[in-house]
Amino acid sequence: MIQLIRGFKDILPGETALWQKIEETAKGLFEDFGYSEIRLPILEQTELFARSIGENTDIVEKEMYTFPDGRRGLITLRPEATASAVRSYIQHKMYGKDPVQKLYTVGPMFRRERPQKGRYRQFYQIDAEVFGIESPHIDAQIIFMLVSLFKRLDVSDVNVHLNSLGCPCCRPKYKEALIALIGKAEGELCSDCARRKDKNPLRVLDCKVPACREAVANAPSILEYLCADCDKHFTVVKSALEKQGVAYKIDSNLVRGLDYYTRTIFEIQTTSLGAQSAVAGGGRYDGLIEALGGPSQPAIGFAIGFDRLVEIMAQSSPDLSRKLDLFIIAVGEKAKDLGYEWGCELALSGVLSDMDMGDRSLKSLMKRADKLKAANVLIVGDRELEEGAVTLRNMGSRDQVSIPLDGVVEGILKALPQRD
Ligand code: AMP
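Residues numbered from 1 in each chain as written. Predicted model: local features only at pLDDT ≥ 70, side-chain atom pairs only at ≥ 80, totals over all residues. Heavy atoms only, no water.

S.K.: How would you sum up the site of the ligand? Please name residues and give values.
M.R.: Near the ligand, the surroundings consist of 14 residues, among which R111, E113, Y120, R256 and A278 are the closest. Within the backbone of Y120, an N or O atom sits 2.8 Å from a nitrogen atom of the ligand. Here an oxygen atom of the ligand sits 3.4 Å away from a polar atom, N or O, in the main chain of V279. The protein chains hide 92% of the 480 Å² of surface that the ligand would expose on its own. (Near = heavy atom within 4 Å. Polar contact = N/O pair within 3.5 Å; in protein donor to acceptor, adjacent residues only side chain to side chain. Areas by Shrake-Rupley, 256 points an atom, 1.4 Å probe, with all protein chains shown as cover.)

Given below as structure tokens:
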């Protein structure tokens, strides 16, 4: 039997209702905050990710699905959506119409990571990006919007971790200090950190290997190195969040795995998922639009790990799958012909019905209605056809009504309880 590829998964019919609920809730909320949907391709030129995410990152060094595509050179299955959104903003000169663009997108991402619970090679993200706004209030607002989504979905086990990575003005000084400190433990670092320590020393701060943790145990906080502008920006973000009652934890070891971040970065963590505690993350990336050939415009965004959010919610969500409104028990050829037509008409009016087309007895059809947990059954056989009326029975209360064949679909619609 051919099985799916390790790290990939099927989202089965019983599971999709929760995915739909989350997606609809996110879209509704984001649109109320002024975001518009953008749909982006899954394949991009490899260079887009190498230049934006950074050559010295886990993603670009070892996790991308990259392959040659004839004369176009190398192409890559997107590992994240921000780079594509920026490419699109530049390519379509969206900034010409209005430099401020608030966008969201939902879809699959691909990273060749070691699969485990909560970590897949194809996973889904819900992304939001804002281009063209420098004000720290948008940083606060995007975090507020993210936290509000979790609240709206009744996910309470979430903590906001917050940090600032400074800007090209102040970060180099911090990098220098960090490189000097790490240099002392040079021989003990893991191979990734040893290789990257000069170009990307901040990554050592969130490396999980004990020797690397040890090496930076006494590292100064990047927050002590922020320039006056970055410090002021961060102060406004924090005070806006406080005023809105958004609890956060300053986490000066939070660096996130992508090179393009500047100033505010954040992560939403949960204890419900075991080792994979990050359920969303994001931050400011003020230099990226210009670095990819666009105008100098600030930007900020986040990505929610859709699979992880589903996993948290599945632990407590009731069954969201749609219930059968009506099971049509039709016995005899004529009854089945009519039942088939009524079922189609009822579907157009939003009633979910089902019918067994086989030659089964009334008794076995009643059993089937029970098994399907139908809220109502409609009984139609030779006797009903002769008498000119069918019987509608509520399976909960056992109440029955007789509905004339003439105008039967309208009669059923009237008799069924109002649906949402
Ligand atoms: P990132 O793009 O790395 O900032 O990730 C944003 C969010 O996507 C993370 O907080 C995770 O919830 C989720 N995520 C990242 N990588 C994976 C993966 N391999 N499998 C499942 N979810 C992931």
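S.K.: Which residues make up the packing of helix α6 (residues 136-152) against helix α11 (residues 228-243), and what values do they have?
M.R.: Two numbers describe how α6 lies on α11: the axes approach to 8 Å, and their chain directions differ by 40°. With respect to α11, the axis of α6 lies oblique. Crossing angle aside, the handedness with which α6 passes α11 is right-handed. Taken together, the residues of α11 that come into contact with α6 (itself represented by P136, H137, D139, A140, I143 and F144) are H233, V236, V237, A240 and L241. Its residues assigned to classes, the contact of α6 with α11 comprises 8 nonpolar, 2 polar and 1 charged. (Axes fitted to C-alpha atoms, helices over the stretch in contact; angles between N-to-C directions. Helix = DSSP H or I, 4+ residues; strand = E, 2+ residues; numbered from the N terminus. Parallel < 35°, antiparallel > 145°, perpendicular 65-115°, else oblique. Left-handed = near helix turned anticlockwise from the far one by under 90°. Contact = heavy atoms within 4.5 Å. Nonpolar A, V, L, I, M, F, W, Y, C, P; charged D, E, K, R; others polar.)

S.K.: Before we move on, could you go through the side chain of D139 and cite the residues and values that matter?
M.R.: Positionally, D139 belongs in helix α6. One polar contact links D139 to H233, side chain to side chain, over a distance of 2.9 Å. Excluding its chain neighbours within four sequence positions, the residues that come into contact with D139 are H233, V237, T264, R284 and I300.

S.K.: Help me get a handle on the sheet that holds strand β7 (residues 159-164), residues and values and all.
M.R.: Backbone-to-backbone hydrogen bonds pair the strands of a sheet. The strands run either parallel or antiparallel. Strand order in this open sheet of 8 strands is β1-β5-β6-β11-β10-β9-β7-β8, and the pairing throughout is mixed. This sheet does not close on itself; its edge strands, each paired only once, are β1 (36-37) and β8 (248-250). Packing of helix α4 (residues 82-91) onto the sheet brings it into contact with β5 (101-110) and β6 (122-131), and relative to β6 it is tilted by some 40°. (Pairing = 2+ DSSP bridges.)

S.K.: So what's going on with the packing of aromatic side chains? Residues and values would help.
M.R.: Tallied over the entire structure, the rule returns 12 aromatic pairs. Here Y260 and Y285 contribute two aromatic rings whose centre-to-centre distance is 5.3 Å and whose plane-to-plane angle is 55°, an arrangement assigned as tilted. A residue pair is termed long-range when its members are at least 10 positions apart, and Y260 in the loop between β8 and β9 (262-269) and Y285 in the loop between β10 (278-284) and α12 (288-291) qualify at 25 residues. Here the two residues Y260 and Y285 agree in accessibility, since each one is buried. The ring of Y120 carries K9 above its face, with NZ or CZ at 3.9 Å from the centroid. (Phe/Tyr/Trp six-rings, centres within 6.5 Å; stacked < 30°, edge-to-face > 60°. Buried < 20%, exposed > 50% of the residue type's maximum accessible area, 1.4 Å probe, protein only. Lys NZ or Arg CZ within 6 Å of the ring centre and 35° of its normal.)

S.K.: Could you give an account of the nonpolar core, naming the residues involved and the relevant values?
M.R.: Membership of the largest hydrophobic core comes to 48 residues, with the highest contact counts inside it found for I22, F30, F302, I304 and L309. Contacts of F302, omitting those with residues within four sequence positions, involve F30, I126, D127, A128, E129, I142, M145, L146, F266, G281 and G282. Membership of the second largest hydrophobic core comes to 44 residues, among which are C193, V216, I289 and L292. (Core = buried A, V, L, I, M, F, W, Y, C linked by side-chain atoms within 4.5 Å.)

S.K.: Summarise a negative patch on the surface; cite the residues concerned and give the values.
M.R.: The grouping of D337, E341, E345 and E410 at the surface amounts to a negative patch. Per element, the largest residue contribution to the negative patch is 3 residues, and it comes from helix α14 (residues 333-348). Residue position: E410 is located in helix α17 (residues 408-415). Given the relative accessible area of 47%, E410 is considered partly exposed. (Patch = residues over 30% accessible without salt bridge, like charges linked within 9 Å, V, L, I, M, F, W, Y side chains within 5 Å. Salt bridge = Lys/Arg side-chain N within 4 Å of Asp/Glu carboxyl O. Lys, Arg positive; Asp, Glu negative; His and termini not counted. Charge placed at Lys NZ, Arg CZ, Asp CG, Glu CD.)

S.K.: I'd love a proper account of the pairing of strand β16 (residues 400-404), names of residues and values included.
M.R.: As defined by bridge partners, strand β15 (residues 389-394) adjoins β16 across 5 bridges and the pair is classed as antiparallel. Its bridge partner lying in β16, A389 is registered against P404.

S.K.: So what about unusual backbone geometry? Which residues, and what values?
M.R.: You will see that D154, though not glycine, has its phi angle at about 60°, which is positive. As for its placement among the helices and strands, D154 is situated in the loop between α6 and β7. Backbone geometry at K373 places phi at a positive 55°, although glycine is not the residue there. Relative to the assigned elements, K373 resides in the loop between α15 (362-371) and β14 (376-380). Residue K373 is classed as exposed on the basis of its relative accessible area, which comes to 64%.

S.K.: Quick rundown of the sheet that holds strand β4 (residues 74-77)? Include the residues and the values.
M.R.: Spatially, the 3 strands line up as an open sheet ordered β2-β4-β3, and their pairing is antiparallel. What marks the edges here is a single partner per strand, and that holds for β2 (43-45) and β3 (66-68). Pairwise comparison of adjacent strand axes, ignoring direction, gives a mean angle of 35° for this sheet.

Any functional reading would require information that these geometric values do not contain.
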